[in-house]
Number of protein chains: 2
Amino acid sequence: MKKIFPIVLVLATVVGAQQQNFIQYVNPLIGTQKMGHTYPGATVPFGSVQLSPDTDEQPYLIGGKYNKEAYRYCAGYQYDDKEIVGFSHTHFSGTGHSDLGDFLIMPTVGDLQLEPGQKGDPKSGFRSAFSHSTEVAEPDYYKVLLEDDKILAEMTAGTRVGFHQYTFPASDRAHIILDLVHGIYNFDDKNVWTFVRVENDHTVVGYRQTTGWGRTRTVYFAMEFSKPFTSYGYKDFAPVPYRGFWRKFDQSKNFPEMAGKQLRAYFDFKTAANEKIKIKFALSPVSTNGALANLNTEVPGWDFDQVKRAGQAAWNREFSKIVITADRHDDLVNFYTAMYHAFISPTVYMDLDGEYKGIDQNIHRAAGFNNYTTFSLWDTYRALHPFFNIIQPTRDRDMIRSMLAHYDQSAEHMLPVWSHYANENWCMIGYHSVSVIADAIVAGNLAGAEANRALDAMVQTAHTKYYDGIGFYEQLGYVPEDKNSTSVSKTLEYAYDDFAIAQAAKKLGRTAVYNEFIKRSENWKHVFDPSTGFMRPKMSDGSWGKGFDPLKTEGQGFIEGNSWNYSLYVPHDPDGMIAAMGGKDQFVKRLDELFTMNLPNSFFAETEDITREGIIGGYIHGNEPSHHVAYLYDWTNQPWKTQERVRMILKHQYHASPDGLGGNDDCGQMSAWYLFSTLGFYPVAPASNMYMLGSPAVKTAVIRFENGRTLSIEARNQGDRNVYVTKVTLNGRELNRDFLTYTDITNGGKLVFFMSDKPISA
Amino acid sequence: MKKIFPIVLVLATVVGAQQQNFIQYVNPLIGTQKMGHTYPGATVPFGSVQLSPDTDEQPYLIGGKYNKEAYRYCAGYQYDDKEIVGFSHTHFSGTGHSDLGDFLIMPTVGDLQLEPGQKGDPKSGFRSAFSHSTEVAEPDYYKVLLEDDKILAEMTAGTRVGFHQYTFPASDRAHIILDLVHGIYNFDDKNVWTFVRVENDHTVVGYRQTTGWGRTRTVYFAMEFSKPFTSYGYKDFAPVPYRGFWRKFDQSKNFPEMAGKQLRAYFDFKTAANEKIKIKFALSPVSTNGALANLNTEVPGWDFDQVKRAGQAAWNREFSKIVITADRHDDLVNFYTAMYHAFISPTVYMDLDGEYKGIDQNIHRAAGFNNYTTFSLWDTYRALHPFFNIIQPTRDRDMIRSMLAHYDQSAEHMLPVWSHYANENWCMIGYHSVSVIADAIVAGNLAGAEANRALDAMVQTAHTKYYDGIGFYEQLGYVPEDKNSTSVSKTLEYAYDDFAIAQAAKKLGRTAVYNEFIKRSENWKHVFDPSTGFMRPKMSDGSWGKGFDPLKTEGQGFIEGNSWNYSLYVPHDPDGMIAAMGGKDQFVKRLDELFTMNLPNSFFAETEDITREGIIGGYIHGNEPSHHVAYLYDWTNQPWKTQERVRMILKHQYHASPDGLGGNDDCGQMSAWYLFSTLGFYPVAPASNMYMLGSPAVKTAVIRFENGRTLSIEARNQGDRNVYVTKVTLNGRELNRDFLTYTDITNGGKLVFFMSDKPISA
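Residues numbered from 1 in each chain as written. Chains lettered and ligands numbered in written order. Predicted model: local features only at pLDDT ≥ 70, side-chain atom pairs only at ≥ 80, totals over all residues. Heavy atoms only, no water.

A. Fine view of the interface of chain B and chain A. Across the boundary between the two partners, chain B contributes 57 residues, which contact 57 residues of chain A. In total, about 5,400 Å² of surface goes out of reach between chain B and chain A, with carbon and sulfur atoms giving 54% of it. One salt bridge connects A:Lys261 with B:Asp189, and the closest N-O pair in it is separated by 4.0 Å. Between the two partners, chain B and chain A, sit 16 residue pairs in polar contact (both at pLDDT 80 or more). Where the side of chain B that touches chain A is concerned, the elements lending two or more residues are β13 (191–200), β14 (203–210), β17 (257–260) and α1 (288–298) of chain B. The biggest single contributor to the side of chain B that touches chain A is β13(B), with 6 residues. Taken together, the residues that form the side of chain B that touches chain A break down as 28 nonpolar, 18 polar and 11 charged. (Contact = heavy atoms within 4.5 Å. Buried area = accessible area lost by both parts, 1.4 Å probe. Salt bridge = Lys/Arg side-chain N within 4 Å of Asp/Glu carboxyl O. Polar contact = N/O pair within 3.5 Å; in protein donor to acceptor, adjacent residues only side chain to side chain. Helix = DSSP H or I, 4+ residues; strand = E, 2+ residues; numbered from the N terminus. Nonpolar A, V, L, I, M, F, W, Y, C, P; charged D, E, K, R; others polar.)

B. Expanded view of the sheet that holds strand β9 (residues 141–146) of chain B. Residue and element names in this part refer to chain B. If you trace the 9 strands from one edge of the open sheet to the other, you get β8-β9-β10-β11-β19-β15-β14-β13-β17, paired in antiparallel fashion. The open sheet has two free edges, formed respectively by β8 (136–138) and β17, since each of these has just one partner strand. Strand after strand, the sheet turns through a mean of 15° between neighbouring axes, direction not considered. Pairing between β8 and β9: 3 bridges, direction antiparallel. Bridging from a neighbouring strand, Glu 138 pairs with Tyr 141 of β9. (Pairing = 2+ DSSP bridges. Axes fitted to C-alpha atoms, helices over the stretch in contact; angles between N-to-C directions.)

C. Region of the structure containing the relation of the copies chain B and chain A. With an RMSD of 0.0 Å, the operation that places chain B on chain A is a rotation of 180° combined with a shift of 0.0 Å along the axis. On this basis, the relationship between the two copies can be described by a two-fold rotation axis. For chain B, the residue whose C-alpha comes nearest the rotation axis is B:Val192, separated from it by 3.0 Å. Of the residues that chain B buries at the interface, 100% are likewise interface residues in chain A, meaning the two copies contact each other through the same surface. (Least-squares fit on C-alpha atoms with pLDDT ≥ 70 in both.)

D. Quick look at the pairing of strand β36 (residues 749–756) of chain B. Residues and elements named next belong to chain B. With 6 of 8 residues buried, β36 lies mostly within the body of the structure. Where strand β32 (residues 710–716) meets β36, 6 bridges bridge the pair, whose relative direction is parallel. When the sheet's bridge partners are listed, Ala 715 is paired in β36 with Phe 753. Two strands pair when backbone bridges link them, and strand β33 (residues 724–730) and β36 are joined in this way by 6 bridges, in the antiparallel orientation. Residue Leu 730 lies in a different strand from β36, and its bridge partner there is Leu 751. (Buried < 20%, exposed > 50% of the residue type's maximum accessible area, 1.4 Å probe, protein only.)

That is the geometry; function is a separate question.
Following this line, the structure appears as structure tokens:
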């Protein structure tokens, strides 16, 4: 936006400005329908425990083959389902590949059923029918009536402790099932081993060790009942065929040790009408003793409401960091639910004493930081971590320290790619922890020796020749498609990562590193084909790949995005990219075409995680590679189109309903896009220190930073049709550039957008 | 022996009395043929590492069914085999059920072969032909030429570190294979998970987690090569069918992380002629970091001979505790090899910093003691632990402290039954840790608060109703065969254990406990059938089991012994037993019949671990329940028959050759029987403080106790035919009883047996 004219100011209606109870605006059910892959259960900000209902369990593999149905259950819950199989303690929020679902708890009465039963037939197993009419989902609180047995289920959580409260009918045969078979993205060999010890008549500990996305993943638990069980037992659904002495006496009932690959345990009670049985269920990455200590220290008592209050107060403290006003209640719901989803992961991954399991599978103690896991970095480097860098700088720094610990402990001596639970799952491409760290270094959020050590780790990571084409990339300047698939996406993202490293090096005065990587960051040019105007796969002999189709993804050198979208992925050098593509006017046409094209039906059959809803024209908002694209008009003569597109995306891709997300929320990246864009700016190239201006969707916003300062944002003359920004003032001075810097934002003050229903160039 | 007459004294020939190099007398190959189940490899006394060649790997299960061939490979090595598949780091010594065989190392040259190949066809895999002519087996040293590739293999060990030294031919393609598939008593699901990290070009760490006998067992390792490898890789022989991102780039070669269920890794070298590649291979029960620390601290350098010298010096220190003279070299070989086998297990089970994995699978630190594992207690309570109680009281006390830690950490709150590697495998019957502890308490080797706490643990263990018929035993006074199989054996052993508890209680002045358990110790009477004169199975209604056959074991109420043998198992009340069986004369006839009967051929088909060699008449020395039987003549008027039988057993059941053991050595129990009996006394009922006199087979023996005192034993007029003892003097005074007490022995002095070729009653 080059020229900005003043327009008439209309004060926004103040909604919620003085209101500190943000819980009312959050609807955890948003994204639980279709492809959002969020879950509705209880968790505190960045909590280790995500205690949530699972509505079905679809195996990831059936007979060794991928079961497409599994994808819908990445978060365990699908809004359209009619039954709940139980409540498990770990869930990813919004991912497009999955894991977890550890330790399913299900209360039942009557005949003991130790299998979940068939979907659509709740009587066939311990699953129960439920209805959304009895369902309440709030931050850190979930309630539902399990209709089969008329058991009211409620749950809340602390950071490491899930708290269940089941209100039973009168029964001589009440049961609480602990299912260690259940899991998300389960397959026959997923459970490597599970282990349960009954310590006494109300305390149970154990662990679940799985493979799959987390190649070698173990979660320990400690479970305490508010009431002693009268008897207990288990069934092993896939006993090891060893004929040893374990079985010389009956160990299936009231015997305090259980171990195997497919265990379901049960605990029996007698209940009076409306009797509540509560369960505290603590997790640990380290040991059952660690879980017990977490349980007893974090939630010593049995006051469910107190735990819920504490959890919701923690959420309110987070939400109050940004107080917005908007015309519609739904805007508040979308905003605070986006904040909610943005502040779920990465999750705390250490015991209260600081011990955690490192990627070397040894136990380490976090010294001077909180250790986190679940780094969906290919998604979250774009907007979520930049958002943390501004709103959660202490946590972001601790997340970076967690990444550096991962680096120190990894056999590859690499920063994390996509890591969770002491594992590198190598998901997606690039090594975008370098972007997260560079963004923090450039902002001054990581400095001194630590920043220099981090830069060394970034450089070492970027030189790991055996990693995913890096050897070729270093040798040829691009990843050749005949040597390494999805080569164009990799080349483009490596080039951006190079830029990020260079920026950190520049900030730290490390000239040699800067020179090396700023040069490498130009490698995007090697996969740009001037004859077609697209990025396209190149072979190791320098020739272009045959059969190129810019609309296709699979086998075309791309991943989660076609050439139409990925060709625009030079976030660190839009000017260079635009010049290569024929200049600004040509580029505007190209962007316009992207946003307005009609895609063939065949397009939607190709990939599992793109729905029509997640697409505008050929622009794919449901996947991340295009998340910066709407802001690219800022580099042309028509920045008003950025404003228009951003508001359109905000309007069409985010709704205050279960089907409100057009694609996977991806651990908060989709939500972070919403948060930035709603506030009026977006980090097109993290570590560039440029937050590109868009079009704010709030009336006002007050952001409270950790440094004690406050930024007030005002969108004067805001309205549904007034999406165009004619002028921006910062602390009373007109901004003569189309971006904010990190200090512009965090030094606080007053940021005013002057809105109009007409673009300035119109 | 009631009357003893003086005989002529002949001074024994002094052999080896001044010789402190006992290594020359030890032949670790004894017991490696047939059923001895010992291994020939390198270990230090009670060492965590048992680095030994494995000559074959026979799966424990084939298609889910028991493979009888596996039994021969309990220790990994069978003397008659012609090939070695490699050298693994953990082995049980002499067990009759098995596990371990962790981390097989095999050096090869030429084409890489990652499968062991077929027995009899060494070219079919990495196995190699070998010959006993190139084989040297000494305490803590093993050497053999691997003939296929002309690689000389040598090995030695520290407590926690195995040290390999391979002398290669010149080769551009030398390999060292690390096989994590290999194991003892392997089956398809035995490997729960294995994990390998290549830390740098000479350091590798990882773990192997198995199920089977050890239900949940994990061993960690750290491995260091003396020379960097040039490349490396692995093959997963049973990859998990998960199609995740692990494989987005080639991770099978030169990629530093490997995980799966069936991995074999390899490391490549170029070698000059006669170049030695050495490997230090440390174990840890805790972590790979623990293993690395053990490696670097315990064996910091690369001097193979120095490690061997230190190990052999440690063995010499142990052997020098008993210096014997005897006529024949073979007697010295049998004696010191028995000492060698007796001092192999239990094994140290903790890192150098004291950390170990408890049975609760948490990490604990041994405070004030060394933690041990591998408690084959059904075997070793009889003679091995009583031997330790005298010769190794400090270690025995630490073993008891290890048992008490197990008790503290066990979900069952029971002392160990048969435990190894942080697991209770529940093997065999009874809970004979109570005997071991009682024996130490009665001897004063465990005292004060610790002894009282131990007694509490013993009582708690003996009251565990769900354990193996204990509830019935408490209710009915016996285990009913219709409720719990092998009921007679259990009843008899519980009754003995009750006696042991009572003796400990008596020593500690705990009268109520004494009264309860001395009463319970009479329960053997409930399974004695006066009409047949045999112990036999009783039903819960009080009737005797039908179809009783005192020669049979299976289905007859017994385990590892028939009624002929087991009926004599009232070690704590031989007088009562003899009275019940018709008095002394009748009893002598019964014992005589046992030792002289002709067993039908069908007898030998019945059980796998009894050979004709292990049997004298119907007396079964190859299994433990009869180990006290030869000493029962001491309670009759013909104690000379004890002397005669004992010498006969010593002569016929122990030979200085690979097939020299008539049955499983059972973690040293068979050897401990030999040691006691050779010295002239035996603990028929541990905790009774009665070491029954037999007939010494040495000429002289000098025992050095930890208390600094010395007992000199002399067998005057010793000779092959002079097996009868006519008189015994202790410190010059004639002994007027047929047993020694603990203090008789450990106060030291001079014990003289007067030997004759005629019994005093003849």
